[in-house]
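A structural walkthrough
The chain contents come next:
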Amino acid sequence: MSDIAKPRILIIYTGGTIGMIENPETRSLEPFDFTHLIDNVPKIKMLEYDIDNIQFTPIDSSDMGPEGWAEIATAIADHYDEYDGFVVLHGTDTMAYTASALSFMLQDLSKPVIITGSQLPIGEVRTDGEENLITALQIAAATTPAGAPMVQEVAILFENYLWRGNRSTKMSADNFNAFKSNNYPGLARIGLGIHFDEAALRRVTTDPKRLRLHTRMDRDVMFLDLNPGFTQSTMQHLLATPGIKGIVMRTYGAGNAPTDTWFLEAIRRTVDRGVVIVNVSQCVNGGVHARRYAAGDLLTRCGVISGRDMTSEAAITKLMYLFGLGLTPHQVRSLIGTDLCGEITI
Ligand code: ASP
């Protein structure tokens, strides 16, 4: 293969277990630098790719948030024309939030942004990190027979599957297959080969060069997770959170919530105040069918919007993104239920 034909891939290292090392005193895993990570994957040199990297201060992904997402998205946008694909190394704990946030921040993305990490540090004998990193690089370099990037979206590669980023959820703290997209098919199955499901892959229709970067995320959003026995005072306290603009309400089953008058009145008053409330299900599979049960229909009548089959991670980052664009509550209400980048089934 000539040099010109070599795929060019940029690795962005943000931290996570994949690059961690055990602190000999506390015996806890701590983020470590990129050189250590790459030294542990000598097989990378066997790939005929031109690989560059950017290292951020490595963190446990529990510390990841809007600033970190903006840094990653900006790095991708700044180097967009120089590379065929991007691999983001990230902790698994908040990987699904980062994948969702990046999908909104990188509008009209037409190149692969493959996020991966591992359950065991790369230095451990049984690590899943080496395989995940190599496969992520191969996916980032994969092309269609016509020479276009095979993946043109933000995706999570973990063990045997490639999932759409804004459809993914971390399902296991222990298994190597840690992620799943419960409401959308896998984009690829990884076995002896990498088998892409071309019907599931996102295809952008705009001019491929027109990446639009949006890095402002509004933090004035929160989850409201229902549980049986939820009290009126808890509800009042949470809904009165100063400055709150958007709430993702995690309800039961097909989008149902208590039918108590105090509960519905509190919701109605909050919506009337201009707060956007989105209904998503606590079930990981399926979604909100607002009119199936009277208990769900009452929420709709109070002005709560159905998040349909969006993940909690996609719903909360979508609210951050839409308010971050400076839109009015009315505009956010009309966009939250529309498909921006494959995150919702209409
Ligand atoms: N706590 C780690 C992180 O999210 C877990 C992992 O990477 O798997 O950074």
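Here the structure is shown first, and the text comes after it.
These remarks concern the structure in this document. All figures in this text were calculated on a predicted structure; none of them were measured in a lab. (Residues numbered from 1 in each chain as written. Predicted model: local features only at pLDDT ≥ 70, side-chain atom pairs only at ≥ 80, totals over all residues. Heavy atoms only, no water.)

Side note on the sheet that holds strand β16 (residues 246-251)
Note the cut-off: Strand pairing requires that DSSP identify at least two bridges connecting the strands. Secondary structure counts use DSSP, requiring at least four H or I residues in a row for a helix and at least two E residues in a row for a strand, with both numbered from the N terminus. Whether two residues are in contact is decided by their heavy atoms: any pair within 4.5 Å suffices. Interaxial angle, 0 to 180 degrees, is taken between N-to-C directions of lines fitted to C-alpha atoms, where a helix line uses only the stretch in contact.
Strand order in the open sheet formed by 4 strands is β15-β16-β17-β18, and the pairing between neighbours is parallel. Strand pairing shows two members of the sheet lacking a second neighbour, β15 (221-225) and β18 (305-306), which therefore form its edges. For β16 and strand β17 (residues 276-281), the ladder comprises 6 bridges, and the chain directions are parallel. Residue pairing in the sheet places G246 in a bridge with V276 of β17. Contacts from helix α9 (residues 329-336) reach β17 and β18, with the element oriented near 20° to β17.

Side note on the packing of aromatic side chains
Centre distance and the angle of the planes are the two values used to describe a pair of aromatic rings. Heads up, the condition is: Centres within 6.5 Å make a pair out of two Phe, Tyr or Trp rings, where for Trp the six-membered ring is used; the pair is then stacked when the planes are under 30 degrees apart, edge-to-face when over 60, and tilted otherwise. Buried residues are those whose accessible area, probed at 1.4 Å on protein chains only, stays under 20% of the maximum for their type, while exposed residues exceed 50% and partly exposed ones sit between those limits.
Taken as a whole and assessed by the stated rule, the structure comprises 7 aromatic pairs. Both rings, one in F104 and one in Y321, keep their centres 5.7 Å apart while their planes meet at 20°; by these two values the pair is stacked. Remark: Y321 occurs in helix α8 (residues 312-324) and F104 occurs in helix α3 (residues 95-105); sequence separation between them is 217 residues. Across this residue pair, the class does not change: F104 and Y321 are buried. Put simply, the rings of Y80, Y83 and F86 pair up and form one aromatic cluster.

What about the packing of helix α2 (residues 66-78) against α3?
Selection rule: Oblique is the label for any angle not covered by the other classes, which are roughly parallel (under 35 degrees), roughly antiparallel (over 145) and roughly perpendicular (65 to 115). Handedness of a crossing is defined here by the sense of rotation of the near helix relative to the far one, left-handed for an anticlockwise turn of less than a right angle and right-handed for a clockwise turn. Gly falls in the polar group here, along with every residue not listed as nonpolar (Ala, Val, Leu, Ile, Met, Phe, Trp, Tyr, Cys, Pro) or charged (Asp, Glu, Lys, Arg).
At a minimum axis separation of 10 Å, α2 and α3 run at an interaxial angle of 55°. On the basis of the axis angle, α2 is oblique to α3. Viewed along their axes, α2 and α3 form a crossing whose handedness is right-handed. In this structure, α2 uses P66, W69, A70, I72 and A73 to contact α3, whose residues at the interface are Y97, T98, A101, L102 and M105. For the contact of α2 with α3, a count of residues per class yields 9 nonpolar, 1 polar and no charged.

Comments concerning the site of the ligand
Which entries qualify depends on this criterion: A molecule or strand has a residue near it when one of that residue's heavy atoms lies within 4 Å. Polar contacts here mean pairs of N or O atoms no more than 3.5 Å apart (in protein, one a potential hydrogen donor and the other a potential acceptor; neighbouring residues in sequence count only if both atoms are side-chain atoms).
Every residue near the ligand is listed here: G16, T17, M20, D60, S61, G91, T92, D93, S118 and Q119. Between S61 and the ligand, the recorded distance is 2.5 Å, taken from a side-chain N or O atom to an oxygen atom. Residue S118 places a main-chain N or O atom 3.3 Å away from an oxygen atom belonging to the ligand. Looking at the shell around the ligand, its residues break down into 1 nonpolar, 7 polar and 2 charged.

Here we look at unusual backbone geometry
Only a minority of non-glycine residues have a phi that is not negative, and only a minority of peptide bonds are not trans. Unusually for a residue other than glycine, R27 sits at a positive phi of about 65°. Looking at where R27 falls in the secondary structure, it is placed in the loop between β2 (21-22) and β3 (29-30). The backbone of E159 sits at a positive phi, close to 55°, despite the residue not being glycine. By the secondary structure assignment, E159 is in the loop between β8 (154-158) and β9 (161-164). In this structure E159 comes out as buried when scored by relative accessible area, which is 16%.

Notes on helix α6 (residues 261-272)
Defined as follows: The span you would expect from a helix comes to 1.5 Å times its residue count less one. The arc in question is traced by the directions running from the helix axis to the C-beta atoms.
With 12 residues, α6 extends 16 Å from end C-alpha to end C-alpha; this agrees with the ideal 16 Å at 1.5 Å per step. Those residues of α6 that sit buried are F263, L264, A266, I267, T270 and V271. Looking straight down α6, one finds that the buried residues subtend no more than 155° of arc, so they occupy a single side. The exposed set on the far side of α6, more than 90 degrees from its buried face, consists of T261 and D272. Contacts made by the buried residues of α6 are with α5 (232-239), β16, β17, α7 (294-301) and α9. Immediately beyond the C-terminal end of α6, within one or two residues, lies G274, with a positive phi of roughly 100°.

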